[in-house]
Amino acid sequence: MNALRLLVVYFRIGLLGEAQYRVNFLFQLFETGLGMASVLAAIWVVFSQTDTLGGWKPAELTALIGIYFIVLGSINVMVAPSLQKFMEDIVTGNFDYTLTKPADAQVLVSLSEVRIWRLADVLLGAVALVVSIVRESMVVGWVEGGKFLLALLAGAVMVYSFWIVLATLAFWFIRVENILQIFWAMYTAGRWPVGIYPGWLKWTLTLVVPVAFAVTVPAEAVSGRASGTSLLGALGLACVLFAFSRWFWRVGIRKYAGASS
Amino acid sequence: MLVPTFTWGAVMHWLRTLQAYPAFLRISLLSNLQYRASGAIWMIGSILEPVVYLTVWSTVARSQGGSVGGYTPEEFAAYYMTLLLVNHLTFTWVMHEFQYRVQYGHFSFALLRPIHPIHEDIALNLSFKAVQLAVILPALILLGLAFHPRFDLDPLSVALFLPALAMGFLLRFLFEWTLAMAAFWTTRVTAINQSYFSVQMLLSGRVAPISLLPSWVAAAAGFLPFYYASGFPVEVALGRLSTDQVLRGFGIQLVWITVAAAVISLVWRRSARKFTAVGS
Amino acid sequence: MSTVIEIDRLSKSYVVPVRGAGVRASIVSLVKRKTRTVEAVKEISLSVEAGEVVGFLGPNGAGKTTTLKMLSGLLHPTGGTASVLGFEPWKRNNDFLRQITLVMGQRNQLIWDIPVIDSFDRNRVIYRLTREEYRERLDELVELLELGELLSKPVRNLSLGERMKCEVAAALLHHPRILFLDEPTLGLDVSMQRRLRTFVEQYNKRTGATVLLTSHYMADVEALCPRVVVIHHGELLFDGKLADLVRKFSAQKTLVLELEESQEDLSRFGQVVSQEGSRATLRVPKQDTAEVTARILRELKVQDLNVADPPIDEIIDQVFSRGMA
């Protein structure tokens, strides 16, 4: 598939671009580490006053934080920088070049920039996840592991689709990079299980900004509380959201080219 | 330059500086109105954060039989709603902005002007906050309907809140402006910023009212500046502090304001020289 | 020869917001936005044969770039039809895109922080070139444009001229049949402009590719384009040979005189452009040229007299400032 060949080329380019600044990886580790420490400190403060939070034990929450950082890093390696660049390209007009290329514009746009060192987020997230599983000797069998991966996949697709929808708004509004703040603001709420939030916020984080599916549901899968139906629901929703984002992107392109739709 | 010295010349200097404010405010108001929509979007994060911690602590309070550390869910609601307002009025973005200013040479213009750049920043900050109150106030009303806060306001507390808030603003502004100058000396400011925000988050009363922090952390928060720009004005307004604590708080605010102002006036000239020497 | 581009009454209009200055206007514009319609391109028709080099002339905002964007598939027209290589450009069929290229002088498609060669490699994948094709074409372009040592440098370390050469090379790796060049020489120094021009000319001769070019620099158009299209206020004013354009629109001739002695006042013969010692340059209306020349020869002691068309820049300038409707 050509999209895969493009992915390889762009990853190589990203690695080349950043390999000259290897010390950046250390700084990224430092910053991510600090970020994680600050989240863990908040959890520590909360659990100094209570034993469970909305039914979640401390280790389950740290596993959730691990997943939070894994997803965060995945977004920051490619999706966020690429789509940010896309928005700048709309303003500068460089996006015109993308449109003259004989490849799917959405694929080109989604791959265009790689921040390889943000893999530090994924790395530290994975460490937190594994440490919490091991320390609490949680039993993660094949079923839980499979469910977890499926849930993570569904969450990733939803987050990606959501980003495409936000980025597509750039065809209508110029200073759209601010719209991305909606995502980041909402995403920080994913550091806690969305189940504890009041109804309106819970639904927003589930259906409007797919934070629940990206973080909480995979964490539930790891701790063995995700039901098969909720997983199926997540996968179904992922497909729907992906199809919608694709359609919306096409509408955006038509609008950019000034087609009366 | 920023530490007031009471000579006649200094008074005249300060008066002339103040004369620049109406123009600064007008211009910054214009540009803030221009970007009102994007500004409103930035508010989502500011509004969501206290809602998140309010929910977390209310959940804890309920599971602990109705209250934790002297706060009921309704009192947490009052705390975090007031904190939302205070934090909106005292936060700054100068630490993020300095990096760009140095990198793209915006300081070259600032240095050519015969007025300290901090004044334009203050004006920009104030007008932004005035414009964005149009988002914050309705949000507060909605949060009030959603979370049923319990306010026991007495006139004295409200009267004391205003100076506590004003000093909190000045303290945080000067403090962050000082740290922001690091951008002149290193390109690694995000590491510094990240460290600052992590500590600020925990010790300012945003993660939890500081009385809920483990005692040694709370003790540290008691003499560091972070709490005095956020949690302190909130607790003053809600009447949660004794007269002693309030007076001591005002004292600590004054000390930190003086320290920050002194550092700025010392470091700014050197930074500016450093900037012109590097040249960008 | 075959027709590669066929445009029929192509039009494009935009709706743009209007906003006043000041606090009040910004507050008012929160509530209601005023708009107006701008017609960027009005019913332009023309056709281009394979292998032609066509120059688009016109002042800023005349509609040149809009036209080029419609032909390269970036913009949807609001009226009319266009067929490029048998495709409707704005459908952006991949088979169409593989046969065209677009170079914009003030924008870049190379990736800023990495060596040029890696940006080329990206295009290899995007255009699905085989390694052999890629190698062969790269070698050819490296030789023609003298890219040699530039390939391994990061783009940010290149001068504007070097960067432009690399941009052009990147745009031609897939051997497009049609080149859309929008202000390709913008900001370059004179010798770099000339080299790029020579390259485009060579490329056109070698491959028979069709070239559509817009430029501010008349020298580009003079050197490259046997055919020019003049667009002003979105309308097509002229389509033909450059020489015909000069003949049609130059309302004046230039007389260069070498006198035996320096004369005091020549303004009775026409507009004095310059007078330095015994040498003078006059401008006279075209229809009066014969009569004025006769009078000068009669009344003055002339060593040498030369009649010429004014520089093409000036003609174009006159055309646009008069509106020429």
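All values derive from a computational prediction rather than experimental measurement.

The rules behind the values
- Residues numbered from 1 in each chain as written.
- Chains lettered and ligands numbered in written order.
- Predicted model: local features only at pLDDT ≥ 70, side-chain atom pairs only at ≥ 80, totals over all residues.
- Heavy atoms only, no water.
- Helix = DSSP H or I, 4+ residues; strand = E, 2+ residues; numbered from the N terminus.
- Rg over C-alpha atoms; globule rule 2.2 N^0.38 Å.
- Buried < 20%, exposed > 50% of the residue type's maximum accessible area, 1.4 Å probe, protein only.
- Areas by Shrake-Rupley, 256 points an atom, 1.4 Å probe, with all protein chains shown as cover.
- Lys, Arg positive; Asp, Glu negative; His and termini not counted.
- Charge placed at Lys NZ, Arg CZ, Asp CG, Glu CD.
- Contact = heavy atoms within 4.5 Å.
- Salt bridge = Lys/Arg side-chain N within 4 Å of Asp/Glu carboxyl O.
- Pairing = 2+ DSSP bridges.
- 1 Å grid on protein atoms, 1.4 Å probe; cavity = no way out; pocket = protein on both sides within 12 Å on 5 of 7 lines; lining within 4 Å.
- Points joined across faces, edges and corners; volume = space filled by probe spheres on them.
- Nonpolar A, V, L, I, M, F, W, Y, C, P; charged D, E, K, R; others polar.
- UniProt positions renumbered as here; feature names shortened; annotations may be inferred.
- Axes fitted to C-alpha atoms, helices over the stretch in contact; angles between N-to-C directions.
- Parallel < 35°, antiparallel > 145°, perpendicular 65-115°, else oblique.
- Expected span 1.5 Å × (residues − 1).
- Buried area = accessible area lost by both parts, 1.4 Å probe.
- Polar contact = N/O pair within 3.5 Å; in protein donor to acceptor, adjacent residues only side chain to side chain.
- Patch = residues over 30% accessible without salt bridge, like charges linked within 9 Å, V, L, I, M, F, W, Y side chains within 5 Å.

(A) Local environment of the overall build of chain A. Tallying secondary structure elements over chain A gives eleven helices and zero strands in all. Each helix (α) and strand (β) of chain A, taken in turn from the N terminus, gives the series α-α-α-α-α-α-α-α-α-α-α. A compact globule built from 261 residues would reach a C-alpha radius of gyration of about 18 Å, and chain A, at 19 Å, matches this within 12%. Scored against the burial criterion, the 261 residues of chain A give a buried share of 56%. By element, 69% of the accessible surface of chain A is carried by carbon and sulfur atoms, the whole surface being about 10800 Å². The averaged location of the 14 negative side-chain charges in chain A is 6 Å from the averaged location of its 18 positive side-chain charges.

(B) Structural detail: the overall build of chain B. Along chain B, the regular secondary structure elements total 13 helices and zero strands. Ordered by position in the sequence, the α and β elements of chain B form the string α-α-α-α-α-α-α-α-α-α-α-α-α. In chain B, which comprises 280 residues, the proportion classed as buried is 52%. For chain B, contacts bridging at least 24 residues in sequence account for 81% of all contacts bridging at least 6. Carbon and sulfur atoms form 69% of the exposed surface of chain B, whose accessible area is close to 12900 Å².

(C) Highlighting the pattern of salt bridges. Evaluation of the coordinates by the stated rule reveals 29 salt bridges over all chains. A salt bridge links Glu113 of chain A to Arg115 of chain A, with the shortest nitrogen-to-oxygen separation between them at 3.2 Å. One salt bridge connects Glu291 of chain C with Arg295 of chain C, and the closest N-O pair in it is separated by 3.6 Å. Taken together, the residues Glu291 of chain C and Arg295 of chain C, both in helix α10 (residues 289-299) and four residues apart, mark about one turn of the helix. Put simply, Arg12 of chain A together with Asp118, Asp121 and Arg124 of chain C are held in one network by salt bridges that share partners.

(D) A look at the side chain of Glu176 of chain B. Tracing the chain through its elements places Glu176 of chain B in helix α8 (residues 155-180). Looking at Glu176 of chain B, the relative accessible area reads 1%, which means it is buried.

(E) Focus on the pairing of strand β12 (residues 279-285) of chain C. Residue and element names in this part refer to chain C. Across the seven residues that make up β12, a large majority, five, are buried. Two strands pair when backbone bridges link them, and strand β10 (residues 252-259) and β12 are joined in this way by seven bridges, in the antiparallel orientation. Looking across to β12, one finds that Val256 is bridged to Thr281. The pairing of strand β11 (residues 271-276) with β12 spans five bridges and is classified as antiparallel. Among the inter-strand pairings, Ser274 is bridged to a residue of β12, identified as Thr281. Hairpin connection, β11 to β12: the antiparallel pair is bridged by two residues, and Gly277 has positive phi, about 60°.

(F) Empty space enclosed by the protein, seen in detail. Within this structure, the stated rule accounts for seven cavities of 30 Å³ or more. Within this model, the largest cavity holds a volume of roughly 100 Å³. The wall of the largest cavity is formed by 14 residues, among which Val168, Leu181, Pro184, Leu196 and Val200 of chain C lie closest to the centre. Going through the elements one at a time, α6 (160-172), β6 (178-182), α7 (190-207) and α8 (218-224) of chain C are the ones with two or more residues in the lining of the largest cavity. Here the residues of the lining of the largest cavity are counted per class, giving eleven nonpolar, one polar and two charged. Forming the boundary of the second largest cavity are Leu171, Arg172, Phe175, Tyr196, Gln200, Pro225, Phe226 and Ala229 of chain B.

(G) The arrangement of the UniProt feature "transmembrane region" (unreviewed entry) in chain A in detail. In the UniProt entry, the feature "transmembrane region" (unreviewed entry) is given for residues 25-47, 59-79, 116-136, 148-174, 200-219 and 231-249 of chain A. The span residues 231-249 of chain A is 100% helix and 0% strand, and its two end C-alpha atoms sit 27 Å from each other.

(H) Region of interest: the sheet that holds strand β3 (residues 53-57) of chain C. Residue and element names in this part refer to chain C. Ordered in space as β5-β6-β7-β3-β8-β9, the six strands form an open sheet in which the pairing is mixed. Edge positions in the sheet fall to β5 (100-104) and β9 (235-241), since each has one partner strand and no second. Averaged over all pairs of adjacent strands, the angle between their axes in this sheet comes to 15°, without regard to strand direction. Here β5 runs beside β6; their pairing, made up of five bridges, is parallel. Opposite Ile100, over in β6, you have Ile178 as the bridge partner.

(I) Local environment of the packing of helix α1 (residues 2-19) of chain A against helix α4 (residues 116-126) of chain C. Contact geometry for α1 of chain A and α4 of chain C: axes closest at 9 Å, N-to-C directions at 175°. It follows that α1 of chain A is roughly antiparallel to α4 of chain C by the angle criterion. Contact residues: α1 of chain A offers Asn2, Arg5, Leu6, Val9, Tyr10, Arg12, Ile13 and Leu16 of chain A, while α4 of chain C offers Asp118, Asp121, Arg122, Arg124, Val125 and Ile126 of chain C. Of the residues that constitute the contact of α1 of chain A with α4 of chain C, the class distribution is seven nonpolar, one polar and six charged.

(J) Examining helix α6 (residues 119-135) of chain A more closely. Taking 1.5 Å per residue as the helical rise, α6 of chain A with its 17 residues ought to reach 24 Å, and the 24 Å between its terminal C-alpha atoms agrees with that figure. Of all the positions in α6 of chain A, only Ala120, Asp121, Leu124, Gly125, Ala128, Leu129, Ser132 and Ile133 of chain A are classed as buried.

(K) Focus on the interface of chain B and chain A. With 34 residues of chain B in contact, the opposing surface of chain A contributes 33 residues. Approximately 2900 Å² of surface area, both sides summed, lies buried where chain B meets chain A, with 74% of it carried by carbon and sulfur atoms. The largest share of the area that chain B buries against chain A comes from Ile41, Leu48 and Arg188 of chain B, three residues that together contribute 18% of it. Linking chain B with chain A are zero salt bridges, by the criterion used here. Inspection of the chain B/chain A interface yields six residue pairs in polar contact (both at pLDDT 80 or more). The set of elements that each furnish at least two residues to the side of chain B that touches chain A consists of α3 (36-63), α7 (117-147), α9 (189-203) and α10 (215-223) of chain B. A total of 15 residues in the side of chain B that touches chain A trace back to one element, the largest contributor, which is α3 of chain B.

(L) Up close: helix α10 (residues 211-222) of chain A. All names here are of chain A. Compared with the 16 Å implied by 1.5 Å per residue over twelve residues, the 17 Å span of α10 between its first and last C-alpha is a close match. The element α10 is largely enclosed, with a buried count of eleven among its twelve residues. Residues Val211, Ala212, Phe213, Ala214, Val215, Thr216, Val217, Pro218, Ala219, Ala221 and Val222 constitute the buried set of α10. Looking at the buried residues of α10, the elements they touch are α3 (58-92), α6, α7 (142-168), α8 (180-188), α9 (199-208) and α11 (228-256).

(M) Summary view of a nonpolar patch on the surface. Among the surface-exposed residues, Trp8, Val11, Met12, Leu15 and Leu18 of chain B lie close enough to one another that they form a single nonpolar patch of about 510 Å² accessible area. Note that Val11 of chain B resides in helix α1 (residues 8-19).

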